[in-house]
Structure formats: structure tokens, C-alpha cells
Amino acid sequence: MRGDGDGWYKSPDGIKHWGKFGAAGLLLRAPLPGGGSAVLLQHRAPWSHQGGTWALPGGARDSHESPEHAAVREAEEEAGITAGDLRVRTERLTMTAPSGWTYITVVADADKPLPTVANRESAELAWVPEAEVANLPLHPGFATAWTELRAVPLRVRLEAGHDDLATALPRTVELPDRGFFWVHTRADGPGIEVVLDAEALDGPVLTRADILA
């Protein structure tokens, strides 16, 4: 039933979390002209819980909803983003309370920074360059989760004949035990080469299968 998840989940110790059946949010990335990525963030309305902070569009899950369905629905309600404008890549459990309440972040990509329409829960919506997200006054829960959700930018140089790879980019790729990467192309030489814009990693960074997954 739509809306049956709205309400506070109260744990035995008195701590409250919004969402009777847990909550979910959408981490939506889009490419920037320079090759990096931007993340859609919501500046929470002053009257809301943790008002004045920045976080992801999201909210309570209804009893019948998957995390993906709830996160995409909330993004449409709060930001005017529709399911047809994005591609879901994965989801990550980003909080589990001692009571068993959970928050799941659904990670998705868009082809470009999409226009947004704010509802009453948002003071504003903004596409924020990924490198600048941590500079904002973040919702405490999102601030904690951001350290594992942030994507390291990777440039992939493709030779002619790799059109299947080129059309799959840019996109978010998750590598087990290594976190998230924002992969985009550069066309300035032969061969397929991964160039790290941030921290160096040992061993193979990604494979063809990772890009096309």
C-alpha cells in the first residue's frame, strides 16, 4: 500500500529512524564536460529532519517496495527525475541500526545532468561536482556513507574498434573490495589504458567485463 512506510521506526532504546520498513535513497551521477562526474543532491528544507543539510533524494520504503523502486520513486517525487532517465548500477547497504532498521543507497547514472523540479521537502536541488560534495554541510548519515560511496575518476583510452566499450561510458563501476569508480573515455592514442586521476591502485584496475556489466 502506497505510503504505509511513512512514519518513525522506534527502537526499544528510544532512537527513531524515518521509515517503518527502512529507507532508501538514490545516488545519481552524471558526466561533467571536463570528464568528471556530478552528483544530484538535495538541500533539505529547514522544517524537515536534519533540515539545512545536504543529502540524497530518498525516504521511507513502503512494505511492498524493493530498495530500487523506493529510491527511484522518491527521486521522482522530490526531484522530478524519472526511471526512464537513469540506469541503476547497484545498491549498497549504508546503514544498519541496532534495531534492525536499514538505509540502502541505490547507485545510478544519467547521460547528463538532468533538469530537476523540487517539492516542498527541498530548499534546492543541485548537481554538485563529486570532488566538492564533502565541502557541503552534509546530513550526518550521508556524510558517513559518502566515504564509501564516492567514486574515484578513471580515464579509459580506447583504440578504434572498441565502439561497444565507448558507448557504455561514462558510467559507475563497482569493483569488489575497491569501491566505486567513475569511468570515462579519452581518445588520444592507441590501446586501452586506465589512468588514475586520484589514488593509485595495485594490480589490474578493471576489465572489459567490468565496463560492460
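As the structure is a prediction and not an experimental result, all values here were calculated from the model.

## A closer look at the overall build of the protein chain
Argument step 1. For the protein chain, the count of helices and strands is four helices and 13 strands.
Argument step 2. Working note: accessible area of the protein chain is about 10,500 Å², and carbon and sulfur atoms make up 54% of it.

## Comments concerning the packing of aromatic side chains
Argument step 1. If you walk through the whole model with that rule in mind, you get one aromatic pair.
Argument step 2. Consider the rings of Phe-142 and Trp-146, whose centres lie 5.6 Å apart with planes at 50°: the pair is tilted. One end of the pair is Phe-142 and the other is Trp-146, both in helix α2 (residues 140-149) and four residues apart, which spans about a single turn.
Argument step 3. Since its relative accessible area comes to 6%, Phe-142 is described here as buried.
Argument step 4. Classification of Trp-146 by relative accessible area gives buried; the value is 4%.

## So, α2
Argument step 1. Of all the residues in α2, the buried ones are Phe-142, Ala-145, Trp-146 and Leu-149. Axial view of α2: buried residues confined to an arc of 120°, hence all on one face. Opposite its buried face, α2 presents the exposed residues Thr-144 and Thr-147, each directed more than 90 degrees away.

## Structural notes on unusual backbone geometry
Argument step 1. With an omega of 0°, the peptide bond running from Leu-169 to Pro-170 counts as cis.
Argument step 2. Topologically, Pro-170 is positioned in the loop between α3 (163-168) and β11 (171-175).

## Digging into the confidence of the model for the protein chain
Argument step 1. Per-residue confidence for the protein chain averages 81 on the pLDDT scale, and 78% of its residues sit at or above 70.
Argument step 2. Under a pLDDT of 50 for its full length, residues 189-201 has, in the predicted model, 34 contacts with residues more than four places off or in other chains.

## Observations regarding the pattern of salt bridges
Between side chains of opposite charge, pairing is possible as soon as their charged atoms come close.
Argument step 1. Applying the stated criterion across every chain yields a total of eight salt bridges.
Argument step 2. The salt bridge partner of Arg-29 is Glu-130, with a shortest N-O separation of 2.9 Å. Placement of the pair is Arg-29 in strand β3 (residues 23-31) and Glu-130 in the loop between β9 (122-129) and α2, with a sequence separation of 101 residues. You'll find Arg-29 and Glu-130 in the same group, each marked buried.
Argument step 3. Here Arg-92 and Glu-148 are joined by a salt bridge, their closest N and O atoms 2.9 Å apart. Highlighted residues: Arg-92 in strand β7 (residues 87-96) and Glu-148 in helix α2, separated in sequence by 56 residues.
Argument step 4. Residue classification places Arg-92 among the buried positions, given a relative accessible area of 19%.
Argument step 5. Judged by its relative accessible area of 33%, Glu-148 falls in the partly exposed class.
Argument step 6. Look at the salt bridges and you will find they share partners, linking Glu-65, Arg-73, Glu-74 and Glu-77 into a network.

## Quick look at the side chain of Arg-29
Argument step 1. Classification of Arg-29 by relative accessible area gives buried; the value is 0%.
Argument step 2. Here Leu-149 takes part through its backbone oxygen, which lies 2.6 Å from a polar atom of the side chain of Arg-29.
Argument step 3. At 3.4 Å, the side chain of Arg-29 forms a polar contact with the side chain of Thr-172.

## Focus on the environment of His-69
Argument step 1. When you line up the elements, His-69 lands in helix α1 (residues 67-79).
Argument step 2. Accessibility expressed as a relative area gives 44% for His-69, which makes it partly exposed.
Argument step 3. Taking the C-alpha atoms as reference points, His-69 and Gly-25, separated by 44 residues in sequence, lie 10.0 Å from one another.

## Looking at the nonpolar core
Argument step 1. Counting residues in hydrophobic clusters, the biggest one holds 18 residues, and the most contacted among them are Leu-27, Val-39, Leu-41, Val-133, Phe-142, Trp-146 and Leu-149.
Argument step 2. Elements with a minimum of two residues in this core: β4 (37-44), β5 (54-55), β9, α2 and β12 (179-186).
Argument step 3. Per element, the largest residue contribution to this core is four residues, and it comes from α2.
Argument step 4. Phe-142 has contacts with Leu-41, Trp-54, Ala-55, Leu-56, Val-133 and Leu-149, leaving out every residue within four places of it along the chain.
Argument step 5. Within the second largest apolar cluster, 17 residues are counted, among which are Ala-24, Leu-86, Ala-110 and Leu-114.

Reading guide: rules and limits
- Residues numbered from 1 in each chain as written.
- Predicted model: local features only at pLDDT ≥ 70, side-chain atom pairs only at ≥ 80, totals over all residues.
- Heavy atoms only, no water.
- Helix = DSSP H or I, 4+ residues; strand = E, 2+ residues; numbered from the N terminus.
- Areas by Shrake-Rupley, 256 points an atom, 1.4 Å probe, with all protein chains shown as cover.
- Phe/Tyr/Trp six-rings, centres within 6.5 Å; stacked < 30°, edge-to-face > 60°.
- Buried < 20%, exposed > 50% of the residue type's maximum accessible area, 1.4 Å probe, protein only.
- Arc of directions from axis to C-beta.
- pLDDT = per-residue confidence, 0-100.
- Contact = heavy atoms within 4.5 Å.
- Salt bridge = Lys/Arg side-chain N within 4 Å of Asp/Glu carboxyl O.
- Polar contact = N/O pair within 3.5 Å; in protein donor to acceptor, adjacent residues only side chain to side chain.
- Core = buried A, V, L, I, M, F, W, Y, C linked by side-chain atoms within 4.5 Å.

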